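# Per-entry structural report
What follows is the residue order along each chain.
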Amino acid sequence: MIEIVPMAEEHINGVVTLEEATFSIPWTRADFEREVRENTMAIYYVALMDGRVVGYAGMWHVVTEGHITNVGVLEEVRCEGIGSMLMEKLIEKALEKEMTGITLEVRMGNRPAQALYHKYGFKAEGIRKNYYPDTKEDAIIMWKYFPDAEGASL
């Protein structure tokens, strides 16, 4: 059974292990410690399976918007709905905090992640050229607007 809970310091070791196994430019332990301890804009959740971190997702609440910073799921448990559970939790929190929308960047070649974001109503709205320093790959800027938010568009 998967449990989604707010990320706490006790989860950082598992998140760092997942981060290093998943991303070509991983965030550091210090990055996650700062997010949990100091960043008042940060909202992070972890997916736990038998107490082990198997996924995590985070966003920053910036004024009236959410900016998704990271979404990661261990390769061995991908395609089991964990990414969806994490996205649903972020969207639920964004609605609770009355955000007008959520944005993120995703690698042009990361089709599985794009499919997940499309599933939740995110739409491509721009490109960041050469965004990823390791490969100079472009990023797609995606947005999900909430229809009840003042001035939001569908």
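Above this note sits the structure.
Below you will find a few notes about this structure. (Residues numbered from 1 in each chain as written. Predicted model: local features only at pLDDT ≥ 70, side-chain atom pairs only at ≥ 80, totals over all residues. Heavy atoms only, no water.)

So, about the layout of surface pockets. There is about 1,200 Å³ of room inside the largest pocket. Phe23, Val71, Asn110, Ala113 and Tyr117 are, among the 36 residues lining the largest pocket, the residues nearest its centre. Among the elements that make up the lining of the largest pocket, the one with the highest residue count is strand β4 (residues 65-73) (7 residues). (1 Å grid on protein atoms, 1.4 Å probe; cavity = no way out; pocket = protein on both sides within 12 Å on 5 of 7 lines; lining within 4 Å. Points joined across faces, edges and corners; volume = space filled by probe spheres on them. Helix = DSSP H or I, 4+ residues; strand = E, 2+ residues; numbered from the N terminus.)

A word on the packing of helix α1 (residues 12-22) against helix α2 (residues 29-37). For any two helices packed against each other, the geometry is given by the interaxial angle and the distance between the axes. At a closest axis distance of 10 Å, the pairing of α1 and α2 adopts a crossing angle of 135 degrees. Classified by the angle their axes make, α1 and α2 are oblique. For α1 against α2, the interelement crossing comes out right-handed. Facing Ile12, Asn13, Val15, Val16 and Glu19 of α1, the residues of α2 in contact are Arg29, Phe32, Glu33 and Val36. For the contact of α1 with α2, the per-class residue count stands at 5 nonpolar, 1 polar and 3 charged. (Axes fitted to C-alpha atoms, helices over the stretch in contact; angles between N-to-C directions. Parallel < 35°, antiparallel > 145°, perpendicular 65-115°, else oblique. Left-handed = near helix turned anticlockwise from the far one by under 90°. Contact = heavy atoms within 4.5 Å. Nonpolar A, V, L, I, M, F, W, Y, C, P; charged D, E, K, R; others polar.)

On to the environment of Met1, then. Looking at the element boundaries, Met1 is found in the segment before β1 (2-6). Residue contacts for Met1: discarding those within four places in its chain leaves Leu48, Met49 and Asp50.

Another point: the environment of Trp60. Mapping Trp60 onto the fold places it in strand β3 (residues 52-62). For the pair formed by Trp60 and Asn39, sequence separation is 21 residues and the distance between their alpha carbons is 8.6 Å. Not counting residues within four places of it along the chain, the set of residues in contact with Trp60 comprises Trp27, Glu35, Asn39, Met41, Ala42, Tyr44, Glu65, Gly66, His67 and Thr69. Looking at Trp60, its side chain comes within polar contact range of the side chain of Glu35, at 2.5 Å. (Polar contact = N/O pair within 3.5 Å; in protein donor to acceptor, adjacent residues only side chain to side chain.)

Glancing now at the pattern of salt bridges. Inspection of the entire model under this criterion finds 10 salt bridges. Residue Arg37 pairs with Glu9 through a salt bridge whose shortest N-O separation is 2.9 Å. Here the residue Arg37 occupies a position in helix α2, and Glu9 occupies one in the loop between β1 and α1, the gap between them amounting to 28 residues. Under the relative-accessibility criterion, Glu9 is labelled partly exposed at 43%. The residue Glu33 makes a salt bridge to Arg37 at a minimum N-O spacing of 3.9 Å. (Salt bridge = Lys/Arg side-chain N within 4 Å of Asp/Glu carboxyl O. Buried < 20%, exposed > 50% of the residue type's maximum accessible area, 1.4 Å probe, protein only.)

One non-glycine residue with positive phi stands out, namely Cys79, at about 70 degrees. Structurally, the position occupied by Cys79 is in the loop between β4 and α3 (82-96). On the basis of relative accessibility, which here comes to 85%, the residue Cys79 falls in the exposed class. Not every positive phi belongs to a glycine, and Asn130 is a case in point at roughly 50 degrees. The exposure class of Asn130 is partly exposed, given its relative accessible area of 47%.

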